[in-house]
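# Observations on chain architecture
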Amino acid sequence: MSRCPLCGEVLKWEDLIEQMLTLNNFKELLKNRDSFLSTLDTFIFTCPKCGEEFYGNSLSQNEASKVFELLNEFEGSVDYKNNKVKLKLTNLLTLDLMLEEWDRRVKNTR
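So, a few notes on the structure that sits alongside this text.

What counts as what
- Residues numbered from 1 in each chain as written.
- Predicted model: local features only at pLDDT ≥ 70, side-chain atom pairs only at ≥ 80, totals over all residues.
- Heavy atoms only, no water.
- Axes fitted to C-alpha atoms, helices over the stretch in contact; angles between N-to-C directions.
- Helix = DSSP H or I, 4+ residues; strand = E, 2+ residues; numbered from the N terminus.
- Parallel < 35°, antiparallel > 145°, perpendicular 65-115°, else oblique.
- Contact = heavy atoms within 4.5 Å.
- Nonpolar A, V, L, I, M, F, W, Y, C, P; charged D, E, K, R; others polar.
- Polar contact = N/O pair within 3.5 Å; in protein donor to acceptor, adjacent residues only side chain to side chain.

Moving on: the packing of helix α1 (residues 13–20) against helix α3 (residues 33–42). Remark: α1 packs on α3, axes separated minimally by 12 Å, with the N-to-C direction vectors making an angle of 90°. Compared by their axis directions, α1 and α3 come out roughly perpendicular. Residues W13, I17 and M20 of α1 pack against F36, T39 and L40 of α3. Here the residues of the contact of α1 with α3 are counted per class, giving five nonpolar, one polar and no charged.

Next comes the structure, spelled out in structure tokens:
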């Protein structure tokens, strides 16, 4: 899981995406993975624990790519009116990671 590069706190992706919802073109970013990831890399996030700012390029790019997929896969995952992410993205990423690990173990035992 992605952590704050300054204090080490585990970050919730839903909180990070909510910070990005301030961008006027956020809906447009969800139409193109490269644009989304590029904007995420240069976006300045604020850690909810220590309050320090950091660039998105310090976050896991693999996780960011999966977040992009999840936001697009689940219609209505973002409440734009209230600037809230409805999905528990961090939990879904953890589940995805566990399933990948399970698949890897099953393949190694065959």
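Let us look at the environment of R3. With respect to the helices, strands and loops of the structure, R3 is situated in the segment before α1. Separated by 44 residues in the primary sequence, R3 and C47 have C-alpha atoms spaced 9.1 Å apart. Side-chain polar atoms of R3 contact the backbone oxygen of G8, separated by 2.8 Å.

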